[in-house]
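Residue-level structure breakdown
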Amino acid sequence: MVEYKAMKHITVIGLGYVGLANALLLAQKHKVTGVDIVAEKIKMLKRGESPLEDTEIKEYLPSTTAKWTTDLKDGLRADLFIIATPTDYDDEKNYFNTTTIEKVIEQVLANKPEALFLIKSTVPVGYVEGLRKRFGTKNIIFSPEFLREGQALYDNLYPSRIVVGEDSRRGQEIADMLAECALNEPRMLLTNPTEAEAIKLFANTYLALRVAFFNELDTYTIVKNLDAKQIVTGIGLDPRIGEHYNNPSFGFGGYCLPKDTKQLLANYEGVPQDMIGAIVESNITRKQFIAKEILNKAPKVVGVYRLTMKAGSDNFRQSAIQDIINMITERGNVEVVIYEPTLEAIEFEGYKVIKDFDKFANTAEVIIANRRDPILAPFKDKVYTRDLFEEN
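**Brief notes about the overall build of the protein**
If you tally the helices and strands in the protein, you get 13 helices and 16 strands. Here the protein has a C-alpha radius of gyration of 22 Å; the compact-globule value for 392 residues is 21 Å, and the two agree. Structurally, the protein occupies a C-alpha span of about 65 × 50 × 40 Å along its principal axes. Taken over 392 residues, the protein has a buried fraction of 53%. Restricting the contact set of the protein to residue pairs at least 6 apart, pairs at least 24 apart contribute 68%. For the protein, the separation between the mean place of its 49 positive charges and that of its 56 negative charges on side chains is 2 Å.

**Description of helix H7 (residues 169-180)**
The first and last C-alpha atoms of H7 sit 16 Å apart over 12 residues, in line with the 16 Å expected at 1.5 Å per residue. The N-cap of H7, judged by a side-chain oxygen 3.3 Å from the amide nitrogen of arginine 170 a few residues on, is serine 168.

**Structural notes on helix H2 (residues 39-46)**
Of the positions making up H2, those classed as buried are Lys41, Ile42, Met44 and Leu45. The buried side chains of H2 occupy one side of the element, clustering within an arc of 160° when seen end-on. In this structure, the buried residues of H2 make contact with helix H1 (17-26), strand E2 (31-35) and strand E3 (67-69). Glycine 48 lies just past H2 and shows a positive phi near 80°.

**Concerning unusual backbone geometry**
Although it is not a glycine, asparagine 94 adopts a positive phi angle of roughly 55°. Following the sequence through the fold, asparagine 94 ends up in the loop between strand E5 (89-90) and strand E6 (95-96). A relative accessible area of 43% means that asparagine 94 is categorised as partly exposed. Its identity is not glycine, yet arginine 306 carries a phi of approximately 75°, on the positive side.

**Description of the nonpolar core**
Ile10, Leu26, Val32, Trp68 and Ile174 are the most contacted members of the largest nonpolar core, which totals 36 residues. Elements with a minimum of two residues in this core: strand E1 (9-13), H1, H2, strand E4 (80-83), helix H6 (152-157), strand E9 (161-164) and H7. The dominant element in this core, judged by the number of residues it contributes, is H1, at 7 residues. Among all residues touching valine 32, those that are not within four sequence positions of it are Ile10, Val12, Ala23, Leu26, Ala27, Ala66 and Lys67. Counting 25 residues, the second-largest nonpolar core is a separate cluster that includes Val108, Leu109, Ala115 and Tyr127.

**A short note on the pairing of E9**
Bridge count for E9 against strand E10 (residues 187-190) is 4 bridges, and the pairing is parallel. If you follow arginine 161 over to E10, its bridge partner there is arginine 187. The parallel pair E9 and E10, bridged by H7, forms a crossover whose chirality is right-handed.

**A closer look at the pattern of salt bridges**
Scanning all chains against the criterion turns up 18 salt bridges. Among the ionic pairs, glutamate 166 bridges to arginine 132, the shortest N-O distance being 3.1 Å. With glutamate 166 in the loop between E9 and H7 and arginine 132 in helix H5 (residues 127-135), this pair connects stretches of sequence that are 34 residues apart. You can call glutamate 166 buried: its relative accessible area is 8%. Owing to a relative accessible area of 14%, arginine 132 belongs among the buried residues under this scheme. With a closest N to O distance of 2.8 Å, arginine 240 and aspartate 238 form a salt bridge. What makes aspartate 238 partly exposed here is its relative accessible area of 21%. Linked through salt bridges whose partners overlap, the residues forming this network are Glu40, Arg47 and Glu49.

**Some points on the side chain of asparagine 283**
Relative to the helices and strands, asparagine 283 is located in helix H11 (residues 275-295). The buried category is assigned to asparagine 283, whose relative accessible area is 6%.

**Comments concerning the sheet that holds E3**
The 6 strands lie next to each other as E3-E2-E1-E4-E7-E8, forming an open sheet whose pairing is parallel. Every interior strand has two partners, whereas the edge strands, E3 and strand E8 (140-142), have only one. Within this sheet the neighbouring strands show an average axis-to-axis angle of 20°, counted without direction. Pairing of E4 with strand E7 (residues 117-119), which is carried by 3 bridges, proceeds in the parallel orientation. Bridge pairing in E7 places isoleucine 82 opposite leucine 118.

So, how was this worked out
- Residues numbered from 1 in each chain as written.
- Predicted model: local features only at pLDDT ≥ 70, side-chain atom pairs only at ≥ 80, totals over all residues.
- Heavy atoms only, no water.
- Helix = DSSP H or I, 4+ residues; strand = E, 2+ residues; numbered from the N terminus.
- Rg over C-alpha atoms; globule rule 2.2 N^0.38 Å.
- Buried < 20%, exposed > 50% of the residue type's maximum accessible area, 1.4 Å probe, protein only.
- Contact = heavy atoms within 4.5 Å.
- Lys, Arg positive; Asp, Glu negative; His and termini not counted.
- Charge placed at Lys NZ, Arg CZ, Asp CG, Glu CD.
- Expected span 1.5 Å × (residues − 1).
- Polar contact = N/O pair within 3.5 Å; in protein donor to acceptor, adjacent residues only side chain to side chain.
- Arc of directions from axis to C-beta.
- Core = buried A, V, L, I, M, F, W, Y, C linked by side-chain atoms within 4.5 Å.
- Pairing = 2+ DSSP bridges.
- Right-handed = clockwise from strand over helix to strand, strands pointing away.
- Salt bridge = Lys/Arg side-chain N within 4 Å of Asp/Glu carboxyl O.
- Axes fitted to C-alpha atoms, helices over the stretch in contact; angles between N-to-C directions.

In structure tokens:
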């Protein structure tokens, strides 16, 4: 078994939010090589430019000592390999697509059989135990990442907790390594790998549950003609519930919550459950309800203000508003125009992108916005949103 022994060289494979944040964090005290297959991303990083919308990443990037490359061979001399490649959910297989992880492990082990891996990608429950048997090594560890898009490096600089899926001296040393670069003193938990995997999926599924709860509350108030803000505020006064993560939306979306809830549901095969499946279904029902509400206004042109999940992010993978677009165009004779300043193209999936905001706002009869923005204020009579508290 490979001991930790104070890592001198760390290679991070996959430079999305998780990988890039970890690379910049660890480069403060270690030699770091960052690897990604996207050549343009590597060129930007070498110029000191962030390929992601993240304030702290932009701040730390110009002065980092990390090296960037598209060739994994440049990082094969590392003491630790952190894997942060994407694991998108495959709806047909009801399973995360983990092939990127397996390809990295195969390539590294072929050159360095004693290599130590720390997986930061989100994986199914029981995955690491299977990998260890498949590759004949115990040097594969899982550590879940708890970060927000747009604040990835900040959340690594000030982590609420660090979980490492190995209850051993080596596991503790890895936890210490992650904590030594933080600017706070996070709580630490060592578990076995399967428990660590479950912690990640259950944590995100609980957040999805909370979003779904307040969205269903909001739906009820619309149908019953009640003041949703008053009700949400009132129940939040109970300290057991709290006044956080309670702002209604068009539905939970983004890279993590949809796929993680689906994967957890798939892991429940053979286990009695009602709630996990209901969370997934609730999100579909909410988006269908929102689409119907928009169509009830009988607009000919619907303007979509921002595709991104939240302010401060440039990511709109699986954003709920995209499902709303599809639903309203499938059910009604509606033209959709989009205002999304992060897009350079003049079209997005067949829909017209208008780069001038005033032109966009004057073209649309109804403007749908998952979250309010001061720029929308002059057109408030056109805006449809369920954002009660004007929060991200």
